[in-house]
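Chains, contacts and geometry: an overview
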Amino acid sequence: MGRETEDMGISKWDYCQYLLASPVNYTLTNMADHLEGVSHDRLNRYLRGEKLTPRLLWENVRAVYQSSPNGFLLFDDTVLDKSNGPCIETTRQQWSGNAHAIVRGIGLVSCVYVNPEAGLFWVIDYRLFDPDTDGKSKLDHMREMLQSVRHRQIPFTTVLMDAWYATREMMLLIENWNKHPVGGSPGSSPGGSPGSSPGGSPGSSPGSSPGKRFYCPLKSNRKVDDSGGERPYRAVSALEWSREELQSGKRVKVHGFPADYKMTLFRVEVSIHRTEYIVTNDATQDSTSGTRKVCAVRWKIEQVHRELKQLTGLERCQCRKARIQRNHIHCALLVWTRLNHLAQQARTTVYQLKHGLLREFLVQQLRQPAIQMCPA
């Protein structure tokens, strides 16, 4: 923390406390109105001068998360809708799954760690999607976060990701986890050339190497071959499925992968109106129901994004400066981390904790109303 910030007597924890306590209004004006001796300009200057980074989030999560050798890493992104603030820096037009439309907003790429035995999860890393500033794609951000996982020696077995991240490079990178650094050349093995088999020798099968497992949905138009080279590649949505394949999956080669590299594809009915085609390198997986169970873990990250938006004011900041937006998002993640930890300890939900802050106020107002109703 810089000298200017120290002299002002305001810290990130003051701002986090405000985000945690405020029920609906998360503006700096509202905070200044409820904090004696602190003006809006002073808060604005603090948030412009501070620089909070993802590393600081990990320093707080590290003390409370519980690792597992069977841990899951979940990767996905969400859009913080800033349609009402067109002059906000770092915003761009992008597709929002929540709005089912293109909106102007800030892209947040998250990494969530899940302990399957304990049934608990934590946000351990994040990045902001701002290619106009840093030139990085969402895949670049995911690769960086995987590098951090390796550096921090966080144990895990399986990676779950959205179809957006299901690229050849990313899947082979996970497959070859123990064969080359995450920052190396995805899709190539040490001493090998790009396009060679993941194990370094022709015919090696997914899961036979000491890498990691992945499960990810493929877009319906992704080209695959289930005929062993006898027929041309077809879109996954155009494949025929026998009764046995519907139960146990089928071996396929995805277009663009090494010649002898095959994975197992499952057709998973998510709902009456939705079907997902899940591909995995997990050689032990031979059941569609088992695949559905594994992939259900991926929805934990959707839960995290929903709770962040509803309880921490994640997308409510309307300040124009990019640095303020970044610091606000960081503090919102710290607030969720605190609520999540307390909820785990109390065996309750983050919603009950946050909404419980108003319970005593409501009880008091019902007993002794500050503004009393009376008949006309």
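First, a word on scope: everything that follows refers to the structure included in this document. Note that the structure is predicted; figures quoted are calculated from it, not measured. (Residues numbered from 1 in each chain as written. Predicted model: local features only at pLDDT ≥ 70, side-chain atom pairs only at ≥ 80, totals over all residues. Heavy atoms only, no water.)

1. Comments concerning the layout of surface pockets
What the largest pocket holds in volume is close to 930 Å³. Around the largest pocket, the lining comprises 28 residues; the ones closest to its centre are Asp76, Trp95, Gly97, Asp162 and Glu302. At the level of secondary structure, the elements contributing two or more residues to the lining of the largest pocket comprise strand 1 (72-81), strand 2 (92-96), strand 6 (213-218), strand 11 (274-280) and helix 11 (299-311). Here the lining of the largest pocket takes five residues from helix 11, the largest share from any one element. Here the residues of the lining of the largest pocket are counted per class, giving eight nonpolar, nine polar and eleven charged. Estimated volume of the second largest pocket: approximately 300 Å³. Together, 17 residues line the second largest pocket, and Leu52, Thr53, Pro54, Arg127 and Arg326 are the ones closest to its centre. Secondary-structure elements contributing two or more residues to the lining of the second largest pocket are helix 5 (54-61), strand 4 (120-129), helix 7 (138-151) and helix 12 (322-346). (1 Å grid on protein atoms, 1.4 Å probe; cavity = no way out; pocket = protein on both sides within 12 Å on 5 of 7 lines; lining within 4 Å. Points joined across faces, edges and corners; volume = space filled by probe spheres on them. Helix = DSSP H or I, 4+ residues; strand = E, 2+ residues; numbered from the N terminus. Nonpolar A, V, L, I, M, F, W, Y, C, P; charged D, E, K, R; others polar.)

2. Let's talk about the nonpolar core
Across soluble globular proteins, you tend to see nonpolar side chains buried next to one another. Counting 97 residues, the largest nonpolar core has Leu73, Phe75, Ile124, Met142, Met161, Met171 and Leu265 as the members making the most contacts within it. With ten residues, helix 12 is the single largest residue contributor to this core. The contact partners of Phe75, leaving out residues within four places of it in the chain, are Ser110, Cys111, Met142, Met145, Leu146, Val159, Leu160, Met161, Asp162, Tyr165 and Ile301. (Core = buried A, V, L, I, M, F, W, Y, C linked by side-chain atoms within 4.5 Å. Buried < 20%, exposed > 50% of the residue type's maximum accessible area, 1.4 Å probe, protein only. Contact = heavy atoms within 4.5 Å.)

3. Some words on helix 10 (residues 288-296)
Buried within helix 10 are the following residues: Thr288, Thr291, Val294 and Cys295. The buried side chains of helix 10 occupy one side of the element, clustering within an arc of 120° when seen end-on. (Arc of directions from axis to C-beta.)

4. Details of the pairing of strand 6
Where a strand is regular, its side chains alternate between the two sheet faces. Counted residue by residue, strand 6 has five buried out of six residues, so it is predominantly covered. In terms of strand pairing, strand 5 (residues 158-161) meets strand 6 through three bridges, oriented parallel. Within the sheet, the bridge partner assigned to Leu160 lies in strand 6 and is Tyr215. (Pairing = 2+ DSSP bridges.)

5. Concerning the pairing of strand 2
In the sheet, strand 2 pairs with strand 3 (residues 101-115) via five bridges, with the strands oriented antiparallel. Paired with Gln93 across the strands is Arg104, a residue of strand 3. Remark: four residues form the turn of the hairpin made by strand 2 and strand 3, two consecutive strands paired antiparallel; His100 in that turn has positive phi of roughly 55°.

6. Notes on the pattern of salt bridges
By the definition in use, this model includes 21 salt bridges. Taking the shortest distance from any N to any O, the salt bridge between Arg143 and Asp140 comes out at 3.2 Å. Remark: Asp140 and Arg143 occur in helix 7; sequence separation between them is three residues, near one turn of the helix. Residue Arg143 is classed as buried on the basis of its relative accessible area, which comes to 18%. With a relative accessible area of 26%, Asp140 lands in the partly exposed category. Note that Arg298 is salt-bridged to Asp162, the shortest N-O span being 3.7 Å. With Arg298 in the loop between helix 10 and helix 11 and Asp162 in the loop between strand 5 and helix 8 (168-175), the pair connects residues that are 136 residues apart, well separated along the chain. For Asp162, a relative accessible area of 25% gives the class partly exposed. One network of salt bridges, with partners in common, ties together Asp226, Arg231, Arg234, Glu240, Glu245 and Lys250. (Salt bridge = Lys/Arg side-chain N within 4 Å of Asp/Glu carboxyl O.)

7. Let's talk about helix 11
For helix 11, with 13 residues, the first-to-last C-alpha span of 18 Å sits near the 18 Å given by 1.5 Å per residue. Tucked into the core, helix 11 has its buried residues touching helix 2 (12-21), strand 1, strand 3, strand 4, helix 12 and helix 13 (350-356). Gly313 occupies a position one or two residues after helix 11 and carries a positive phi of about 70°. (Expected span 1.5 Å × (residues − 1).)

Such coordinate-based values are descriptive only and should not be taken to indicate function.
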